[in-house]
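# Chain and residue survey
These are the residues of each chain, in order.
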Amino acid sequence: MELRWLESFVVVAEELHFARASDRLHLAPSALSAQIRALESHLGVRLVDRGRRTRPALTSAGRLFLEEARLTLAQAARAEAVGRRAGRGELGHAQIAYVASAAFSGVLTDVLTRCAAPGTELTVQVRELETPAQLEALAGGDIDVGFLRFRPEYPPEVTATCLLTEQVVLALPAGAPLAAYDAVPAAQLRDECFVAPHFDEEYGCRDQILEVAEQGGFSPRCAPPVRDFIAALTMVGGGLGVALVPDSLRRVQIPGVAFRPLADVAPTTRLVGAYRTGEASPAVRAVIRRLREAAAATATA
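Residues numbered from 1 in each chain as written. Predicted model: local features only at pLDDT ≥ 70, side-chain atom pairs only at ≥ 80, totals over all residues. Heavy atoms only, no water.

## Considering the overall build of the protein
Convention followed: The helix and strand labels rest on DSSP assignments: H or I over at least four residues marks a helix, E over at least two residues marks a strand, and numbering proceeds from the N terminus. We compute the radius of gyration from the C-alpha atoms alone; for a globule the expected value is 2.2 Å times N to the 0.38, where N is the number of residues. Note on classification: 1.4 Å probe, protein chains only; a residue is buried when its accessible area is under 20% of the maximum for its type, exposed when over 50%, partly exposed between these limits. Every residue pair with non-hydrogen atoms within 4.5 Å of one another is taken to be in contact. Only the protein chains shown count as cover for residues, with accessible areas throughout obtained via the Shrake-Rupley method and a probe of 1.4 Å. Note on charges: Lys and Arg go in the positive column, Asp and Glu in the negative column, and His and the chain ends are not counted at all. By convention, charge coordinates are those of NZ in Lys, CZ in Arg, CG in Asp, or CD in Glu.
On a plain count of helices and strands, the protein comes out with nine helices and 11 strands. In terms of overall dimensions, the protein is more spread out than a globule: its C-alpha atoms have a radius of gyration of 32 Å, far above the 19 Å expected for 301 residues. Each principal axis of the C-alpha distribution contributes one length, and for the protein these read about 105 × 35 × 30 Å. Taken over 301 residues, the protein has a buried fraction of 43%. Across the protein, every contact between residues at least 6 apart in sequence was considered, and the portion connecting residues at least 24 apart equals 73%. Taken as a whole, the protein presents about 15400 Å² of accessible surface, with 52% of it coming from carbon and sulfur. If the 32 positive side-chain charges of the protein are averaged to one point and the 35 negative ones to another, these points end up 13 Å apart.

In structure tokens:
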């Protein structure tokens, strides 16, 4: 049974006039009659009485069938709309992971807001995950988009877009003598213990500490690594060291922590959005488009 047969039948039932129904459907009357006959033949029942001297009328079977035909056409239209919207990335599901510090950058919330724009019904699930685990999850298909810290190289199946470049600042105990500085010279950190996240990486926080130490002319002393920047700030607030953190971490209100720029060295850190190269899912591609839009907005701000 073809949908065009149902559409033709419904129009005939509404008009009860083959000529007018033909005009509405942009069909020749003979073609319309052929479709109605094909439908009746398929069902094995007469749906329309075609009087020679009277207007066509629905049979009892035709009246019963009309309601179901309308429901079927409406459902087919809904299915087509869903399919088209899914193809445009307006419907669907995506898994996003982020490093803890990304939550304070504003970029992650910007992308999520764009995904929730009117007319879009993307279901996005978000979870925290450190950088190396995100790259493994992307390759394994466990997540679709990652917000992570920059690294010089990525797996061949992963593409990364820079979302935000920000200054690295010093987090230090609020009551420490160094807090009296408006900007802290690197040499004044000679006797400090550096607290940093550690993700089995050979770069990132470690490189920033070495850059500051080289400028200050000393070998850095480091505390055992912690899970993330929030843990590092907690240790700083407890007076157990200092930390080099992205400037956006100033938004974190942890008691006993002060933030100061560095006076004579300016390390930076980059937040990137990572996703599979050649992503096939329209929904995920829609999230990636919004990620790129957010990156462009940040670049021009």
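Right, picking up where we left off after that structure.
## A short note on the side chain of Thr59
The line we're drawing: For this analysis, a polar contact is any N or O atom pair within 3.5 Å, provided that within protein one partner can donate a hydrogen and the other can accept it, and provided that sequence-adjacent residues contribute only side-chain to side-chain pairs.
Mapped onto the secondary structure, Thr59 falls in the loop between strand E2 (57-58) and helix H4 (60-87). Of note is the side chain of Thr59, whose polar atom sits 2.8 Å from the backbone oxygen of Arg46. Among residues more than four places away in sequence, those in contact with Thr59 are Arg46, Leu47, Val48 and Asp49.

## Digging into the pairing of strand E11 (residues 268-276)
Applied cut-off: By definition, two strands form a pair when at least two bridges between them are found by DSSP.
A large share of E11 lies buried, amounting to seven of its nine residues. In the sheet, strand E5 (residues 145-149) pairs with E11 via five bridges, with the strands oriented antiparallel. Among the inter-strand pairings, Leu148 is bridged to a residue of E11, identified as Val272. Of the pairings in the sheet, the one linking strand E6 (residues 158-173) to E11 comprises nine bridges and is antiparallel in character. Paired with Glu166 across the bridge in E11 is Thr269.

## Here we look at helix H7 (residues 205-216)
Rules: Each helix should span, by expectation, one fewer than its residue count multiplied by 1.5 Å.
Compared with an ideal rise of 1.5 Å per residue, which puts 12 residues at 16 Å, H7 spans 17 Å between its outermost C-alpha atoms and is within 8% of the ideal. Immediately downstream of H7, the backbone of Gly217 shows phi near 75 degrees, a positive value.

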